[in-house]
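Chain residues, written in single-letter form:
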Amino acid sequence: MSFDDLHKASAKALTEAVDSICQEFVVGPEKIEEMTNFFIESMEKGLTQTTHSKDALDMIPTYVTGLPNGTERGVLLAADLGGTNFRVCSVDLNGDHTFVMKQVKSKIPDELLEDDNATPKDLFGYLARRTMVFIKKYHPEVLETAAADQKPLKLGFTFSYPIDQSSLNSGTLIRWTKGFKIADTVGKDVVTLYQDALAEQGLSMIKVVALTNDTTGTFLSHCYTSDNTDSLTSGEISEPIIGCIFGTGTNGCYVEDLKNIKKLDPKVRERFIAEGKTHMVINTEWGSFDNELKVLPTTKYDLDIDQKYSANPGFHLFEKRISGMYLGELLRCCLVDLHSKGLIFSQYRSYDQLPHRLKTPNELDSEVLSHIEIDDSTGLRETELSMLQSLRLPTTLSERKEIQKLVRAISRRAAYLSAVPLAAILIKTDALNKRYHGEVEIGCDGSVVELYPGFRSMLRHALALSPIGAEGERKVHLKIAKDGSGVGAALCALVA
Ligand code: BGC
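- Under an unreviewed UniProt entry, the name given to the protein is Phosphotransferase, and the organism recorded is Henningerozyma blattae.
- Taken verbatim from the UniProt record of the protein, the Pathway (unreviewed entry) comment is "Carbohydrate degradation; glycolysis; D-glyceraldehyde 3-phosphate and glycerone phosphate from D-glucose: step 1/4."

Take a look at the structure:
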């Protein structure tokens, strides 16, 4: 065989292997329907049971029973612990759907995510110290006023992890997600931990009055900023709209009829009903959909990510197929597999050894995939540079073409799966048939939905393939509620 023939044969073998992987990532309409039905079942189960099990969604009552309409006013503090950053902000709500925000944002230090010995004190001490940095920068007057003259400063705390919420301002951590693993925090009240840490910093004048999830925050912030809340002007919930996050992690919340939330303490429910409340926002924690893998499409790469490379094996399996934290890992696992079969990275000098960067979990950021996804440059130059920069790996043009196919298969599956909870909630709440024309708005936040090229249109395409059909899909408005969690936490603090 000539060198040329050899080259062609290996390119063909790579193409065949990649086509077969891509086929495993395909999600068709029947699968979408099966998952949507199962999602509805899992929601119903989760609304009934007070314990958390792998066969039901967590469906956490948020104690938020009213929605803002954009006329709210006030200056509130908010703190927001997400998967990548911690933000402290003050939010000035102008009462006309607009707000002014001042913030200090910091990247969560690696040792808090990676160190097995990190304690809750380390984490919440860090949050309190960052809060002090914010206060010194933007509200130093607070530190100059004598304690006796201090008015408490209300703070809303967005904590973007599953919490068993017992009231608007208390809740215990059910489990960590998105890489955190500080064991002693599970089962503890995160408001108490943060409040105590603030006191140790000399910030007792700050009162954490509301605890919320980023998905609820996004939803509230969307309601505040949207001027399309004509039917919400009473400030009461009458429209089932969804708030969702597709970023480092994924999750969604929606408005549920109080009488369907069977798990709620009957006394609490009666109290709400006596106060004239009819609905409550539910945080679904849909990242943990189908942890028993009854319907989720599963490749060997999904199993590897969950079992070998994630901090929470067996949990958040839906999130591990969708969110920004895992898209790069999926590509990396596919590439490791192809390399182990001698099919890719032929230009790498020690061909028989696994390149160092490829071996390292989380080395491939989802941002890299977003560049490859839309690379239409001659010779796929952008892809070449991305692979060189992120993994230090040279590639041939035929290899790059196959890498792009893999990227597109991974992102398409993520977007298609993302349509499932939206379709399920729209069906369960009958949102599309409730109003004249039944149009609904969905407030979204997160790097994937906001920035990943084509993600929203692929998601819409899957919505049209779902049981809500093309007609239902046309009634859905996906709106980006950027940085919603800070504003949402402030809105929660306002009503607390
Ligand atoms: C968490 C959710 C959060 C979502 C988006 C998930 O990993 O469990 O509580 O809302 O990430 O940040």
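Structure shown, so let's carry the discussion forward.
**Overview of the overall build of the protein**
Alright, step 1. Broken down by element type, the protein carries 20 helices and 13 strands.
Alright, step 2. Relative to the globule expectation of 23 Å for 496 residues, the C-alpha radius of gyration of the protein, 24 Å, shows essentially globular dimensions.
Alright, step 3. Expressed along its principal axes, the backbone C-alpha trace of the protein runs to roughly 85 × 55 × 40 Å.
Alright, step 4. A buried classification covers 56% of the 496 residues belonging to the protein.

**Some details on the pairing of strand β7 (residues 170-173)**
Alright, step 1. Relative to β7, strand β6 (residues 163-167) is paired through 4 bridges, and the arrangement is antiparallel. Note that in β7 the partner of Gln165 across the bridge is Gly171.
Alright, step 2. The turn linking β6 back onto β7 is made up of 2 residues.

**Some words on the sheet that holds strand β3 (residues 85-94)**
Alright, step 1. Strand order in this open sheet of 5 strands is β4-β3-β2-β5-β8, and the pairing throughout is mixed. A strand with exactly one partner marks an edge of an open sheet, and here the two such strands are β4 (99-107) and β8 (206-212). Strand after strand, the sheet turns through a mean of 20 degrees between neighbouring axes, direction not considered.
Alright, step 2. In terms of strand pairing, strand β2 (residues 73-81) meets strand β5 (residues 153-159) through 5 bridges, oriented parallel.

**Notes on a negative patch on the surface**
Alright, step 1. Together, Glu111, Glu114, Asp115 and Asp122 line one region of the surface with negative charge.
Alright, step 2. Locating Glu114 in the fold gives a position in helix α3 (residues 110-114).
Alright, step 3. Taking the relative accessible area as the measure of exposure, Glu114 reaches 54% and is therefore exposed.

**Concerning the pattern of salt bridges**
Alright, step 1. Under the defined criterion, the tally for this structure stands at 26 salt bridges.
Alright, step 2. With its nearest N and O atoms 3.0 Å apart, the salt bridge here joins Lys121 to Glu200. Of this pair, Lys121 sits in helix α4 (residues 120-138) while Glu200 sits in helix α6 (residues 190-200); the two residues are 79 residues apart in sequence, bridging distant segments of the chain.
Alright, step 3. The exposure class of Lys121 is exposed, given its relative accessible area of 57%.
Alright, step 4. A salt bridge links Arg381 to Glu384, with the nearest nitrogen and oxygen atoms 2.9 Å apart. Taken together, the residues Arg381 and Glu384, both in helix α14 (residues 381-391) and 3 residues apart, mark about one turn of the helix.
Alright, step 5. Classification of Arg381 as partly exposed rests on a relative accessible area of 45%.
Alright, step 6. Among the charged side chains, a network of salt bridges with common partners joins Asp19, Glu402 and Lys405.

Conventions used here
Residues numbered from 1 in each chain as written. Predicted model: local features only at pLDDT ≥ 70, side-chain atom pairs only at ≥ 80, totals over all residues. Heavy atoms only, no water. UniProt positions renumbered as here; feature names shortened; annotations may be inferred. Helix = DSSP H or I, 4+ residues; strand = E, 2+ residues; numbered from the N terminus. Rg over C-alpha atoms; globule rule 2.2 N^0.38 Å. Buried < 20%, exposed > 50% of the residue type's maximum accessible area, 1.4 Å probe, protein only. Pairing = 2+ DSSP bridges. Axes fitted to C-alpha atoms, helices over the stretch in contact; angles between N-to-C directions. Patch = residues over 30% accessible without salt bridge, like charges linked within 9 Å, V, L, I, M, F, W, Y side chains within 5 Å. Areas by Shrake-Rupley, 256 points an atom, 1.4 Å probe, with all protein chains shown as cover. Salt bridge = Lys/Arg side-chain N within 4 Å of Asp/Glu carboxyl O. Lys, Arg positive; Asp, Glu negative; His and termini not counted. Charge placed at Lys NZ, Arg CZ, Asp CG, Glu CD.

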